[in-house]
Amino acid sequence: SSFSGFASVPVKGSCCSYSSLAWAFQTQCSISAPWNVTVKQCRQSSFFNTLTADELWKGALAETGVGVKKGRGKRRKKKLRKNLNKGQEIGEGRSGFLWPGLNAPIIQSGRVQAVTQRKKEERERIQSEIVQQRDTWEKKRKVKIKREGGWSGKCWGGVVLDPPDPGPNGETYEDFETRVIEVKNVFCMKAKEGRKKSIRALVAIGNGKGAVGFAMGKAGDRMNALRKAKNKAIRCLHFIELYQNHTIYHDITVKFKSTAIRMKKQNKGYGLRCHRAIITICKLIGIKDMYAKVSGSKNLINITRALFKGLTQQETHQQLANQKSLYVVEFREEQGPLPIVVALPEGTVREDPEPEDEVPDTKLEWSEVKEAQGMKKSPWAN
């Protein structure tokens, strides 16, 4: 646009007022009155250099406001923040200029270097190396890391994770083994965001010597959910007593909600014949021989809670002897009909026998009764 008018010229030692337009031009040009000049509008700052990087990424990823509403639906693919500086070098470009202080030394052989340009062959070689490096990164990103020790190929159950993060005082948990029990997608309806997806992970951790714990973690992505779960599990440890370091002390029947588990004590060499989630947790505890049958709901969270409820409520031989004020004896095959005393009461031994009302009312399984009486036959037998 063209402006015409009068402007006052500053005189040395005089005190006069300047218009804003004359003040803007007095250091760049000499102005006489009347004058004609063409002014080009220039923007000194832009949208990108007035906001921080976090604010720009917040708008690009549509984390809040209207951008979140546009992402409603099941098939919404969440955008992830990228490192745009990866593979970039300050001063390097397709033109191949050498800028002293950026991609070239300022002083070389005692002389200050000037801005120069690489030769065409060298520029092509550097560009081909950059393209090759980017292809290598893309291949590494697409390669899937093989997971170790899962129940099946596409299932996260039973997968081995790294130890939990170090504690606040620097303590490490290298002797603990971490296993995934379940990873599941869960959804929550929000007023602004609609159907919001998150990942729920159930993780168990143990050292194979009786110390074991489990916890759940929830996050927007899988790895954060697993990290939260294992760091929470190490703070919620239980100690499970083991009989001769290989099995439980007695048979246990436990129920949690609609899930019931019957656990049986077994001899050495029997192995673990249980649900696969129970096998994983038993290995973390250190149990080597046990039989367990799950009836009712097969929900993995219920199975885990029922197992921990039953194992923490079991009584050792010493606890049973102190409670009853009697000797605790055990019959073994190698001893025949002779009992073996396994625990003595710490106080005095009572002389009167145990009353009939204190005898536990054990619920028998009909399948076991038939098997004990020889009535159970295979349907494939002639």
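In this text, all values refer to a predicted model and were calculated from it rather than measured experimentally.

## Some words on the overall build of the protein chain
Here comes step 1: A tally of helices and strands in the protein chain yields 10 helices and 17 strands.
Here comes step 2: Residues counted as buried form 26% of the 382 residues belonging to the protein chain.
Here comes step 3: Looking at the protein chain alone, contacts between residues at least 24 apart form 49% of all its contacts between residues at least 6 apart.
Here comes step 4: On the protein chain, roughly 28,200 Å² of surface is accessible, and the fraction owed to carbon and sulfur atoms is 51%.

## Concerning a positive patch on the surface
Here comes step 1: A cluster of basic residues, K232, R235, K257 and R305, forms a positive patch on the protein surface.
Here comes step 2: For R305, the location among the structural elements is in helix α8 (residues 300-312).
Here comes step 3: A residue is classified by how much of its surface remains accessible, and R305, at 33% relative accessible area, is partly exposed.

## Re the sheet that holds strand β11 (residues 237-239)
Here comes step 1: Across the sheet, which stays open at both edges, the 5 strands sit in the order β7-β8-β9-β10-β11 with antiparallel pairing between neighbours. With partners counted over all chains shown, the strands left at the sheet margins are β7 (160-161) and β11, one partner each.
Here comes step 2: Taken together, the 13 bridges between strand β8 (residues 177-190) and strand β9 (residues 194-206) define a ladder with antiparallel strand orientation. Looking across to β9, one finds that F187 is bridged to K197.
Here comes step 3: Strands β7, β8, β9, β10 (211-219) and β11 of the sheet are contacted by helix α6 (residues 222-233), whose axis makes an angle of about 145 degrees with β10.
Here comes step 4: Relative to the sheet, helix α7 (residues 276-285) contacts β8, β9 and β10, its axis offset from that of β8 by approximately 130 degrees.

## Structural notes on α6
Because the α-helix completes a turn every 3.6 residues, residues three or four places apart line up on one side.
Here comes step 1: With 12 residues, α6 extends 17 Å from end C-alpha to end C-alpha; this agrees with the ideal 16 Å at 1.5 Å per step.
Here comes step 2: If you check which residues of α6 are buried, you get A225, L226, A229, K230, N231 and A233.
Here comes step 3: Tucked into the core, α6 has its buried residues touching β7, β8, β9, β10 and β11.

## Structural notes on the sheet that holds strand β15 (residues 290-296)
Here comes step 1: In space, the 4 strands of this open sheet follow the order β12-β13-β15-β14, with mixed pairing throughout. At either end of the open sheet lies a strand with only one pairing partner, and these are β12 (252-256) and β14 (272-273).
Here comes step 2: Along the sheet, α7 contacts β13 (259-265), β14 and β15; its crossing angle with β15, the most-contacted strand, is approximately 140 degrees.

Reading the values: the criteria
- Residues numbered from 1 in each chain as written.
- Predicted model: local features only at pLDDT ≥ 70, side-chain atom pairs only at ≥ 80, totals over all residues.
- Heavy atoms only, no water.
- Helix = DSSP H or I, 4+ residues; strand = E, 2+ residues; numbered from the N terminus.
- Buried < 20%, exposed > 50% of the residue type's maximum accessible area, 1.4 Å probe, protein only.
- Contact = heavy atoms within 4.5 Å.
- Areas by Shrake-Rupley, 256 points an atom, 1.4 Å probe, with all protein chains shown as cover.
- Patch = residues over 30% accessible without salt bridge, like charges linked within 9 Å, V, L, I, M, F, W, Y side chains within 5 Å.
- Salt bridge = Lys/Arg side-chain N within 4 Å of Asp/Glu carboxyl O.
- Lys, Arg positive; Asp, Glu negative; His and termini not counted.
- Charge placed at Lys NZ, Arg CZ, Asp CG, Glu CD.
- Pairing = 2+ DSSP bridges.
- Axes fitted to C-alpha atoms, helices over the stretch in contact; angles between N-to-C directions.
- Expected span 1.5 Å × (residues − 1).

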